[in-house]
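The lines below spell out each chain.
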Amino acid sequence: MLTVRLVLTGVFLVSVLTKLRTRRAFGDFTTAVRRLGGLPSRFATPAAVVVVAVEAGTVVMLAAPGLDGDARVGLLLAGGLLLGFAAVLVAALRRGTTVACRCFGGSGEPVNRRHVARNVVLVACAVAGAAMSSAAGGTPVAPPAAALCLIGASVAVGAVVLLDDLVHLLR
C-alpha cells in the first residue's frame with residue numbers, strides 16, 4: 001500500500017509542479033482544460049485553478065494520511081480525480097480534439113488512448129491501495145521495506161510522467 005500511495009503522491013506532485021512552474025505552463029494548461037473539456041473561455045481559468053487545487057489537496061491527503069486518520073480517503077480522492085480525468089479525455093477523443101493534454105506540463109503530444117489507459121491504470125492502483133489500506137489497518141512499515149517502496153515508486157512515477165517520451169523512444 002505504501003508504494004501505491006507514493007506513486008500517486010509523486011504523480012500528482014509532479015502534475016501540480018509542472019503546471020505551476022511558470023505563467024506560460026499554467027496558461028498552456030488552462031488552454032488544454034478549455035479545449036479538452038469543451039468549456040467556454042470564461043470558465044477555463046477557474047476550472048484550471050480548481051483542478052490544480054484538488055490535485056494539490058490530493059498530494060496532502062496521500063502524503064499525510066494522519067490528517068484524516070485513514071489513507072483510504074486520499075487514495076479514493078486520487079482514484080476519483082483520475083477517473084474524472086479519464087472521462088474528460090474520452091469525451092475529448094470522441095469529439096476529435098487533438099490538443100495536447102498538458103497533464104505534466106510541457107508534452108506536446110496530442111491526447112490519445114494511451115493517456116486514458118494511463119489514468120485507468122492509476123485508478124486501479126488507487127482502488128487497490130484503498131482496499132489494502134483497509135486490510136493493513138495501521139501496520140507500520142520497516143525502514144528497509146519503506147526504502148524499497150520509495151525506489152519502486154520513483155521508477156513508476158518516472159514511467160508515468162515520461163510516458164510519451166518513452167513511447168517515442170521505443171518507436
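Residues numbered from 1 in each chain as written. Predicted model: local features only at pLDDT ≥ 70, side-chain atom pairs only at ≥ 80, totals over all residues. Heavy atoms only, no water.

**Notes on the overall build of the protein**
If you tally the helices and strands in the protein, you get seven helices and zero strands. In the protein, the succession of helices and strands from N to C terminus is α-α-α-α-α-α-α. Here the C-alpha radius of gyration of the protein, 16 Å, is about what a compact globule of 171 residues would show, namely 16 Å. Dimensions of the protein, computed from the C-alpha atoms along their principal axes, are close to 50 × 40 × 30 Å. Counting the 171 residues in the protein, one finds 39% classified as buried. The long-range share in the protein, meaning contacts at least 24 apart out of those at least 6 apart in sequence, stands at 69%. With an accessible surface of roughly 9,000 Å², the protein has 70% of that area assigned to carbon and sulfur atoms. The distance from the centre of the 16 positive side-chain charges to the centre of the 7 negative ones in the protein is 8 Å. (Helix = DSSP H or I, 4+ residues; strand = E, 2+ residues; numbered from the N terminus. Rg over C-alpha atoms; globule rule 2.2 N^0.38 Å. Buried < 20%, exposed > 50% of the residue type's maximum accessible area, 1.4 Å probe, protein only. Contact = heavy atoms within 4.5 Å. Areas by Shrake-Rupley, 256 points an atom, 1.4 Å probe, with all protein chains shown as cover. Lys, Arg positive; Asp, Glu negative; His and termini not counted. Charge placed at Lys NZ, Arg CZ, Asp CG, Glu CD.)

**Side note on a nonpolar patch on the surface**
On the surface, a cluster of nonpolar side chains totalling about 440 Å² of accessible area is made up of L162, L166, L169 and L170. Judged by its relative accessible area of 41%, L162 falls in the partly exposed class. (Patch = residues over 30% accessible without salt bridge, like charges linked within 9 Å, V, L, I, M, F, W, Y side chains within 5 Å. Salt bridge = Lys/Arg side-chain N within 4 Å of Asp/Glu carboxyl O.)

**A few points about the pattern of salt bridges**
Between side chains of opposite charge, a pair can form when the charged atoms approach closely. A complete count under the given rule lists four salt bridges for this structure. R24 serves as the salt-bridge partner of D28, at 4.0 Å between the closest nitrogen and oxygen. Taken as a pair, D28 and R24 lie in helix α2 (residues 23–37) at a separation of four residues, close to a single helical turn. The partly exposed category is assigned to D28, whose relative accessible area is 26%. For R24, a relative accessible area of 67% corresponds to the exposed category. Of the charged contacts, one joins R114 and E109 as a salt bridge, the two residues approaching to 3.0 Å between their closest N and O atoms. By relative accessible area, R114 is classed as buried at 18%. Of the residues examined, E109 reaches a relative accessible area of 17% and is grouped as buried. Bridged by salt links that share partners, the residues E109, R114 and D164 form one connected network.

**Describing the packing of aromatic side chains**
Counted by the stated rule, this structure contains one aromatic pair. Ring geometry for F26 versus F29: centroids 6.4 Å apart, planes at 50 degrees, classification tilted. One end of the pair is F26 and the other is F29, both in helix α2 and three residues apart, which spans about a single turn. (Phe/Tyr/Trp six-rings, centres within 6.5 Å; stacked < 30°, edge-to-face > 60°.)

**A few points about the state of the cysteines**
All chains considered together, the criterion is met by one disulfide. Here C101 is linked by a disulfide to C103, with a sulfur-sulfur distance of 1.9 Å. Between C101 and C103 the sulfur-sulfur dihedral comes to about 45 degrees; the bridge is accordingly right-handed. Here C101 and C103 have matching classes, each one buried. In this structure C125 is a free cysteine whose sulfur lies 13 Å from that of C149, the closest cysteine sulfur available. Residue classification places C149 among the buried positions, given a relative accessible area of 16%. (Disulfide = S-S within 2.5 Å.)

**Focus: the nonpolar core**
If you look at the biggest cluster of nonpolar residues, it comprises 30 residues, and the most contacted ones within it are L8, V11, F12, L36, L75 and L122. Of all the secondary-structure elements, those providing two or more residues to this core are α1 (2–20), α2, α3 (41–63), α4 (71–95), α5 (113–136) and α6 (143–161). Of all the elements, α4 adds the most residues to this core, at eight residues. Of all hydrophobic cores here, the second largest spans seven residues; its members include V16, F26, A48 and V52. (Core = buried A, V, L, I, M, F, W, Y, C linked by side-chain atoms within 4.5 Å.)

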